[in-house]
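Take a look at the letters that make up each chain.
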Amino acid sequence: MSMNQPGQHGRRPYPRPYLEPGANPTWIGRVQPGNYQAAPGNPSSLPPQGWATPPAPRAPRNRGTLPLLIVGSILALGSLLLVIPFLLGNTGIAGFVIGFLVSLIPLSVVLLTVRLIDRWEPEPPRLLWFAFTWGAAVSIAGTLLIQPLFALAAPTGSEEAFAYFMATVQAPIVEEFTKSLGLLVLILAARKYFDGPVDGVVFAFTIAAGFAFTENILYFGREIASSTDPGTDLVRIFILRGVMSPFAHAVFTGTTGLIMGFAARKWHPGYAVLAFFIGLLPAMFLHNRWNSMGQNFLVEYFVVQVPIFLIAAAGIIVLRVAEGKLTRQRLLEYARAGWFTPAEVEMLATSRGRRQALRWAASRGRGGQMKAFIKGATALAFTRQRILSGRDVPVHQHDELEHLRLIPALRAAVLQ
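As named in an unreviewed UniProt entry, the chain is RsiW-degrading membrane proteinase PrsW (M82 family), taken from Paenarthrobacter histidinolovorans.

Printed below as a string of structure tokens:
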């Protein structure tokens, strides 16, 4: 790296490139001076009111995740061959159908929450589908296969001691391992999309939603099949699992996803694997604490579990705010290079600006085009963040140029 030589007045040298003011607007995604580089300049001038431009070339379709999706589909289908007979054997056909339908309610709540968390920079639907099927099928099958090994080590003095061991030792260890294994696969095989704590939480919540969905089918269906008063017992267990704890698995696995998301900023497989094992510890602990609640369940629920959920919710809000600040800073750097006006940055990189822009565009029948413009600008900002992190820079610079070619056409589509 070249250095400025001290002048005759003895000024201290400083390294180039150097950070622009405000380059690190938040603690998420901090950029090291040695990795910083200016945004590419716009060869065209940008009139204040926007401009029309010939259609940009279509960006090449990314097939980087295709092998992952193929392998994931094979694993999911193979797992269903084990999971479905297990469910039917415990619930019967009627219990399975009713359990399936009732389980859709808490599933919808969790997935709607995932959608809210993921609105700022949405993950590819194909990867969210991979995460869901991993949780609903692969992790369940893995649990069923590993479970008997723990049963061999469980105390056999009494049925109560055996059940307590399986609930408080086996379940936290095996279930969190099999769920989080899906996160490890994603961070290693789709690292372009798994590059921060919000991504980790989104993927973890989605995997956990799938796992809880299948588990709820088992619990709800088994009440239908074995109870002498199935209606009353179904309502009781639905209140416990569907009303009081729809986010239990999400919070457990979410801690692993959060830690792995921070490790993803380092962009090194070794950090990802290390974060996987470290992240399992709080997930297993929280899972153990939940399953250990007994006679004082309601007291522990409101004194311990509810505060944990509120802390998790507050943490997600903090992450979202930080993500918004990072997006705004990166787009400001493109604005200085001539790609956006300052007003456009405020429109594209703030929640208020996006809401106003979408309302304005919808009134002109251009709502879909405005959503595409916002999505394209956000993808550009996060691509720049990957470049400034020093991770696979040539690959991301290619993506950056593709995004920049599309931006004028996306803007023109809104203004037509």
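So much for the structure itself; the text now carries on.
A. Quick peek at the UniProt feature "transmembrane region" (unreviewed entry) in the chain. This chain's UniProt record puts "transmembrane region" (unreviewed entry) on residues 66-87, 93-115, 127-150, 162-189, 201-219, 239-264, 271-290 and 302-322. With 100% helix and 0% strand, residues 93-115 has end C-alpha atoms that lie 32 Å from one another. Note that residues 127-150 is 100% helix and 0% strand, and that its end C-alpha atoms are spaced 32 Å apart.

B. Spotlight on the nonpolar core. By size, the foremost hydrophobic cluster in this structure holds 58 residues, and its most contacted members are Leu186, Phe194, Phe203 and Met260. Per-element accounting of this core gives the leading share, 13 residues, to helix α4 (residues 197-226). Excluding residues within four positions of it along the chain, Phe194 makes contact with Leu183, Leu186, Ile187, Asp199, Gly200, Phe203, Gly257, Met260, Gly261, Ala264 and Trp267.

C. Spotlight on a nonpolar patch on the surface. On the surface, a nonpolar cluster with roughly 770 Å² of combined accessible area is contributed by Leu77, Leu80, Ile84, Leu88, Ile93, Val97, Phe100, Leu101 and Leu104. Structurally, Ile84 can be placed in helix α1 (residues 66-117). On the basis of relative accessible area, Ile84 is assigned to the partly exposed category, the value being 35%.

D. Layout of the side chain of His396. Considering the arrangement of structural elements, one finds His396 in helix α12 (residues 393-415). Owing to a relative accessible area of 2%, His396 belongs among the buried residues under this scheme. Look past the residues within four positions of His396 in its chain and what remains in contact with it is Lys192, Trp267, Thr383, Arg386, Ile387 and Arg391.

E. Fine view of the packing of helix α7 (residues 269-292) against helix α8 (residues 297-336). For the pair α7 and α8, interaxial distance at closest approach is 10 Å and the crossing angle is 155 degrees. Compared by their axis directions, α7 and α8 come out roughly antiparallel. For α7 against α8, the interelement crossing comes out left-handed. Together, Leu286, Arg289 and Trp290 of α7 and Phe297, Tyr301, Gln305 and Ile308 of α8 make up the contact between the two elements.

Rules used in this analysis
- Residues numbered from 1 in each chain as written.
- Predicted model: local features only at pLDDT ≥ 70, side-chain atom pairs only at ≥ 80, totals over all residues.
- Heavy atoms only, no water.
- UniProt positions renumbered as here; feature names shortened; annotations may be inferred.
- Helix = DSSP H or I, 4+ residues; strand = E, 2+ residues; numbered from the N terminus.
- Core = buried A, V, L, I, M, F, W, Y, C linked by side-chain atoms within 4.5 Å.
- Buried < 20%, exposed > 50% of the residue type's maximum accessible area, 1.4 Å probe, protein only.
- Contact = heavy atoms within 4.5 Å.
- Patch = residues over 30% accessible without salt bridge, like charges linked within 9 Å, V, L, I, M, F, W, Y side chains within 5 Å.
- Areas by Shrake-Rupley, 256 points an atom, 1.4 Å probe, with all protein chains shown as cover.
- Salt bridge = Lys/Arg side-chain N within 4 Å of Asp/Glu carboxyl O.
- Axes fitted to C-alpha atoms, helices over the stretch in contact; angles between N-to-C directions.
- Parallel < 35°, antiparallel > 145°, perpendicular 65-115°, else oblique.
- Left-handed = near helix turned anticlockwise from the far one by under 90°.

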